[in-house]
Amino acid sequence: MTRQAWMFERDGELGQLFGHYLDSAATAQMLCAANDAMTHLDRGMRANVRRGGHRLGERTDELYEQARGTVARFLGTSAEQVVFTAGATAGLNMLAGSLCQCFGEGDEIVVTELEHHSNFVPWQQAALRTGAALKVWPVTSEGELNMLLLEQMITPRTRVVSVTQVSNVTGLVSDLTSIARRVRDVGALLVVDAAQAVPHGLMAEQADFLVFSGHKAFGPTGIGVLAARNGGLEGLQPVSFGGGMVAAVEQSGSTWVEMPWCLEPGTPPFSQALGLAAALDWLDRERAALEGVSRLTRLALDGLLSMPGVRVIGPHNRERMGIVSFTVDGVHPHDVAQVLDERGVWVRSGQMCAQPLMRALGLNAVVRASFAPYNTLADVAALLAGVDSSLALRG
Ligand code: PMP
């Protein structure tokens, strides 16, 4: 894949891909608009934010806060409730570290078997630290959250429920409305991992807190968002400390500036914030592009289901957000991925950072194809042809 191919624009917004990139759920390609927004600042027109002192700094501050406003509008919350983080993982660690501080024995934290490790391990470690119990909500044999267990899993002892909006293995959408209703009934908090949802225009309206990453949403790497609704940020405490977030520092202790800035210690990823805001603006405008993604996903799903020996993970009759994971009987997922790679089809293979789900489904690994607005029918055809040829490896 040459540098020129990346720079060649197919539709004026997205760089044309050389080959068949079907790994956008891991990291999506970046929009030119996002790149342009960052370059605008980074080409000699940037200064640190919130440090004051000169006009260039003030201008960078202004652009950074405008970007926060754009993210807030996209998510349907207010700018004061948006924290820029290093990514979804950083946001989840911040939430687990902060929300669980006052938990103890008798309190329950609920996660699900669907979770990416980034939304599992921070809560597990918080539970181990505090003495709270970690309850892991099982999936059905088909790999969906078992909603029959809703009342059993979320009880008056539950303090926080952290669940993915879209599974990074099946692409299925969680029933957040039912979960949120139960969470409210018992007086707990709902955290939503929206890392795989935001790229498909979903933004967890029901959540008290949500997180996502820029690099999956056609923006830059190194940035993510932790956002709250209903003033939820006021319930958080800083868990990382440094410059920029302090009001006064004495030898005996320190005080913090107000939300959301006290949750952004050190120099924040301000260029990336501009890039992310530009990407979200594009997503907001280009809803039609997302319909194309769902058509391609359906075609890939149907094509794979028609092949003998190919098993698709998750129910087959439900809408998926750009993700199809599968296995090929008698062929290791890494070998399937290698056959595809030789044909210029780039998919992910392995455990998808979801060992609890793999264990629940009795799988060691899967192949995952994921789709984005820059994919085409030719990408789906190449995937299906490659999987078909991998069938020849069966012993
Ligand atoms: N949650 C989900 C559902 C994901 O798919 C991922 C990325 N694979 C993450 C969290 C973590 O995102 P990041 O690595 O960008 O922090």
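What comes next concerns the included structure. (Residues numbered from 1 in each chain as written. Predicted model: local features only at pLDDT ≥ 70, side-chain atom pairs only at ≥ 80, totals over all residues. Heavy atoms only, no water.)

## Overview of the environment of Gly69
In plain terms, the rule: Numbering of helices and strands starts at the N terminus; helices are DSSP runs of H or I of at least 4 residues and strands are runs of E of at least 2.
With respect to the helices, strands and loops of the structure, Gly69 is situated in helix H3 (residues 55–75). Sequence separation between Gly69 and Gly322 is 253 residues; the distance between their C-alpha atoms is 28 Å.

## Looking at the site of the ligand
Defined as follows: Any residue with a heavy atom lying within 4 Å of a molecule or strand is counted as near it. Polar contact is the term for a pair of N or O atoms within 3.5 Å; when the atoms are in protein, one must be able to donate a hydrogen and the other to accept it, and sequence-neighboring residues count only if both atoms are side-chain atoms. Residue exposure ignores everything except the shown protein chains as possible cover, and the areas themselves are Shrake-Rupley values with a 1.4 Å probe.
Near the ligand, the surroundings consist of Ala88, Thr89, His116, Ser118, Thr164, Asn168, Asp193, Ala195, Gln196, Ser213, His215 and Lys216. At 2.6 Å from an oxygen atom of the ligand is found a side-chain nitrogen or oxygen belonging to His215. For the ligand, whose accessible area on its own is 400 Å², the fraction buried by protein is 86%.

## Remarks on the side chain of Asn146
Filter applied, for reference: Whether two residues are in contact is decided by their heavy atoms, any of which lying within 4.5 Å being enough.
Looking at the secondary structure, you find Asn146 in the loop between strand E4 (133–137) and helix H6 (150–153). Those residues within four positions of Asn146 in sequence are excluded, and the remaining contacts are Trp137, Pro138, Val139 and Thr140.

## Describing the packing of H3 against helix H8 (residues 270–285)
Short version of the rule: All axes are obtained by fitting lines to C-alpha atoms, using only the stretch in contact for helices, and the reported angles, taken between N-to-C directions, cover 0 to 180 degrees. Left-handed describes a crossing in which the near helix is turned anticlockwise from the far one by less than a right angle; the clockwise case is right-handed. Amino acid classes used here: Ala, Val, Leu, Ile, Met, Phe, Trp, Tyr, Cys and Pro are nonpolar; Asp, Glu, Lys and Arg are charged; the rest, including Gly, are polar.
Running from N to C, H3 and H8 cross one another at 35 degrees; their axes reach a closest spacing of 9 Å. Two packed elements cross with a definite hand, and for H3 against H8 that hand is left-handed. Residue-level contacts link Thr60, Leu63, Tyr64, Ala67, Thr70, Val71 and Phe74 of H3 to Phe270, Ala273, Leu274, Ala277, Leu280, Asp281, Leu283 and Asp284 of H8. In terms of residue class, the contact of H3 with H8 is built from 11 nonpolar, two polar and two charged.

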